[in-house]
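Geometric and topological summary
The chain contents come next:
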Amino acid sequence: MPHDYHLKDPHTEQRLFRNRMLVALVGVIFLLGVLVARFYNLQVVNYEDYRTQSDENRIQVRPVAPTRGLIYDRNGILLADNRASYNLSIVRERVRDMDATLELIGNLVRLDENDVTKFQKRLKRRRPYEPVPLRFRLNEDEIARISVNQFRMPGVSVEAELVRYYSLGDLFAHSVGYVGRISDRDLSNFTEDDVRRYRGTRSIGKVGLERSYEDLLLGEVGYENVEINARGRVLRVLERQDPKPGSDLVLNLDAQLQQVASDALGDRRGAVVAIDVNSGGVLAFVSKPSFDPNLFVTGISFADYRALSDSLDVPLFNRAVQGQYPPGSTLKPLMGLGGLQAGIITRESTVKDPGFYKLPNDPRIYRDHVRWGHGEKVDLIQAMAQSCDVYFWDMAHRWDIDDMHSIASHFGLGTKTGIDLPMERSGLFPSRDWKRGARGMPWFPGDSLNAVLGQGFVLATPLQLAVMTATIANRGTHYRPQMVKSINGVEQPPEILHNLEARPDHWDLVFEGMEAVVNHRTGTGKRAGKDLDFRVAGKSGTAQVVGIAQGERYDSEALQERHRDHALFVAFAPVDNPRIAVSVLVENGEGGGKVAAPVARELFAEWMSRPQLEPQKTADTTYLSEGAGNG
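Residues numbered from 1 in each chain as written. Predicted model: local features only at pLDDT ≥ 70, side-chain atom pairs only at ≥ 80, totals over all residues. Heavy atoms only, no water.

1. What to know about the overall build of the chain
- Check the secondary structure of the chain and you find 23 helices and 24 strands.
- For 631 residues, the compact-globule estimate of 2.2 N^0.38 gives 25 Å, and the C-alpha radius of gyration of the chain, at 36 Å, exceeds that figure by more than 25%.
- Taking the principal axes of the C-alpha coordinates as reference, the chain spans close to 165 × 50 × 45 Å.
- Within the span of the chain, comprising 631 residues, buried residues form 51% of the whole.
- In the chain, the share of contacts with a sequence separation of at least 24, taken over all contacts with a separation of at least 6, comes to 73%.
- Only carbon and sulfur atoms are counted for the fraction: they give 51% of the accessible area of the chain, which is about 31,000 Å².
- Taking the average location of the 78 positive side-chain charges in the chain and that of its 82 negative ones, the two points are 4 Å from each other. (Helix = DSSP H or I, 4+ residues; strand = E, 2+ residues; numbered from the N terminus. Rg over C-alpha atoms; globule rule 2.2 N^0.38 Å. Buried < 20%, exposed > 50% of the residue type's maximum accessible area, 1.4 Å probe, protein only. Contact = heavy atoms within 4.5 Å. Areas by Shrake-Rupley, 256 points an atom, 1.4 Å probe, with all protein chains shown as cover. Lys, Arg positive; Asp, Glu negative; His and termini not counted. Charge placed at Lys NZ, Arg CZ, Asp CG, Glu CD.)

As structure tokens, this is what we get:
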């Protein structure tokens, strides 16, 4: 049977082979082109980026933040500590999709809008490959959830850092102050050296001693060369230069006395300042209401800050150094000394007090707070003990205001005290030149009557009143008030700003008058010495907040609470060997002797129960001239 064979066509076979070869060649050329393009992209277009990433996968130089210096009270109680905090941080360059990563993190830990907003701001001012914190102070459960899911979140890590912690909370908020995160405003004021010093550090002193002693507390940054993997995890440390820790501060402040002052002031608005008469060291420094400084350390929430800033009681306001109040009759001992020095009055000088005073050729009547007066013959002792206004008005009428201004300046009024705290205000004690320059008006006799009673233009801070009282207790030796007692164990010597020379019998007379305020049966400040076994010298004061029309009587019930008079009291103890001087201000407290004096009494009782310490007046005491002291 014949077979039907199909003979192969060689031309067809050859054409088919050529087509297949052409397709294969085109495919090879295309794939080769893709490979070349990829190599070009890696080696030319993105060379620098991938080279950086390659280096980052191997060796990285990282700053090592120094440990911030600690702050102690005079007895070694820790006021400002550093505690470990576990933070959630992100390296932007290692995250492919930031929104997806933030969403995933939000499913694992609490993450609010405030956290994300602040994180976005931090991203803008970061350095390349720097971990940027998203959440602070993670708890153990949150750390565990992040660690288990970390393989799903490249660039996300949990880092430990030391953060500031204030163990006594609001008790020292206005003195020790607080640190906060470095802001854009801080960065705008940084020098190149500041930028170097703060590498690796996220916080800076904002207020109080944390701000004043920032340069010492900060320390010096260190560096380390580390080997890391592609996820940014440190494999080993190749080289390290240790940071230098910040200096430790020991304060003159006494935590127990501070607590006593705060408790005595209670829930009232005001300030209490206590000073060591023999050194100028500040023993207590209270401003109320206060706040928790720990809220600011890692960034305060908008809600918390709004609650503080919008409060009618302004807890962020440091009343002790920023509050300027009319000092009222607390100036009378100083004015009495000035009148004695100027020869305006003597021990024997008396006035008739019918309850009012009139200047010659002036129809106005200046009424004493005791409307029926203090008697036919009121001397300086009685005038201070009973706070007789007429006696001091009569003296002021015969006394040149510029001489009055001079004696006030010697005792620290109208100028900053120079305390080692920021934002201190200077207060005001007027003069002819001041009124002409500030008000464009001449000085009137009635202005002197206001000034001698600490009213009118006169303003003082509670700190200034404490310094004034300590200077009186020292018989004219004026110390600069100091918060810090020692730095890294090196004692800070007291500084004498100047000495006021006065006759011993004049000092004795002022002491006698201030002692009568507290210890005489008619004294206005008897509550300052109640049940104490030592003698206290003081002076009460009441400062008007709103003016009262001539002829009208002060009616507390008719006034809003915040329009009522301020209560003030200044004092020192013991009289025969002064150790402590105190000033107390109670906003709208009305009676200085009734409301403020008992607060001072609690401080005296606490401090005088301590063993007598050696005075700090030594050969190391720094003496500054009067010109330097007024600067």
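2. Some remarks on the nonpolar core
- Ranked by size, the top nonpolar core spans 135 residues in total, and within it Met 335, Phe 392, Phe 429 and Phe 604 carry the most contacts.
- Setting aside its immediate chain neighbours within four residues, Phe 429 contacts Leu 331, Met 335, Ile 401, Met 404, His 405, Ala 408, Leu 413, Gly 414, Ala 451 and Val 458. (Core = buried A, V, L, I, M, F, W, Y, C linked by side-chain atoms within 4.5 Å.)

3. Looking at the confidence of the model for the chain
- Taken as a whole, the chain shows an average pLDDT of 87; of its residues, 90% reach a score of 70 or greater.
- Under a pLDDT of 50 for its full length, residues 614-620 has, in the predicted model, twelve contacts with residues more than four places off or in other chains.
- Taken together, the stretch residues 623-631 has pLDDT below 50 and engages in 17 contacts with residues farther than four places along the chain or on a different chain. (pLDDT = per-residue confidence, 0-100.)

4. Regarding the side chain of Thr 477
- Position of Thr 477 among the secondary structure elements: in strand β17 (residues 477-479).
- Reaching out from Thr 477, the side chain makes a polar contact with the side chain of Asn 499 at a distance of 2.7 Å.
- Look past the residues within four positions of Thr 477 in its chain and what remains in contact with it is Thr 471, Ile 496, His 498 and Asn 499. (Polar contact = N/O pair within 3.5 Å; in protein donor to acceptor, adjacent residues only side chain to side chain.)

5. Observations concerning a nonpolar patch on the surface
- Taken together, the side chains of Leu 22, Leu 25, Val 26 and Ile 29 make up a nonpolar region of the molecular surface, amounting to roughly 390 Å² of accessible area.
- The topology assignment puts Val 26 in helix α1 (residues 10-45).
- Val 26 gets classed as partly exposed once you look at its relative accessible area, which sits at 49%. (Patch = residues over 30% accessible without salt bridge, like charges linked within 9 Å, V, L, I, M, F, W, Y side chains within 5 Å. Salt bridge = Lys/Arg side-chain N within 4 Å of Asp/Glu carboxyl O.)

6. Side note on the pattern of salt bridges
- Counted under the stated rule, the structure contains 35 salt bridges.
- Notably, a salt bridge pairs Glu 159 with Arg 202, separated by 4.0 Å at the nearest N-O pair. Placement of Glu 159 in strand β5 (residues 156-165) and of Arg 202 in the loop between α7 (192-197) and β7 (203-207) is noted, with a sequence separation of 43 residues between them.
- The salt bridge involving Arg 319 is made with Glu 587; its shortest N-O contact spans 2.8 Å. In this pair, Arg 319 sits in helix α13 (residues 319-322) while Glu 587 sits in the loop between β23 (580-586) and α22 (592-607), placing the two residues 268 residues apart along the sequence. Per residue, the accessibility class of Arg 319 equals that of Glu 587, and both read buried.

7. A look at the side chain of Ser 247
- Topologically, Ser 247 is positioned in the loop between β9 (234-241) and β10 (249-251).
- Taking the relative accessible area as the measure of exposure, Ser 247 reaches 12% and is therefore buried.
- Among the polar contacts made by the side chain of Ser 247, one reaches the side chain of Asn 488 at a distance of 3.4 Å.

8. A look at α22
- Its 16 residues place the ends of α22 21 Å apart at the C-alpha level, agreeing with the 22 Å of an ideal helix rising 1.5 Å per residue.
- Largest kink in α22: about 25°, centred on Pro 598.
- The element α22 is largely enclosed, with a buried count of twelve among its 16 residues.
- At its buried positions, α22 is contacted by α10 (255-265), β11 (270-276), β12 (282-288), β21 (537-543), β22 (566-573) and β23. (Expected span 1.5 Å × (residues − 1). Bend = angle between axes of the 7 residues up to and from the residue.)

9. Some words on a positive patch on the surface
- On the surface, a cluster of positive charge is made up of Lys 526, Arg 527, Lys 530 and Lys 594.
- Topologically, Lys 526 is positioned in the loop between α21 (504-519) and β21.
- Classification of Lys 526 by relative accessible area gives partly exposed; the value is 40%.

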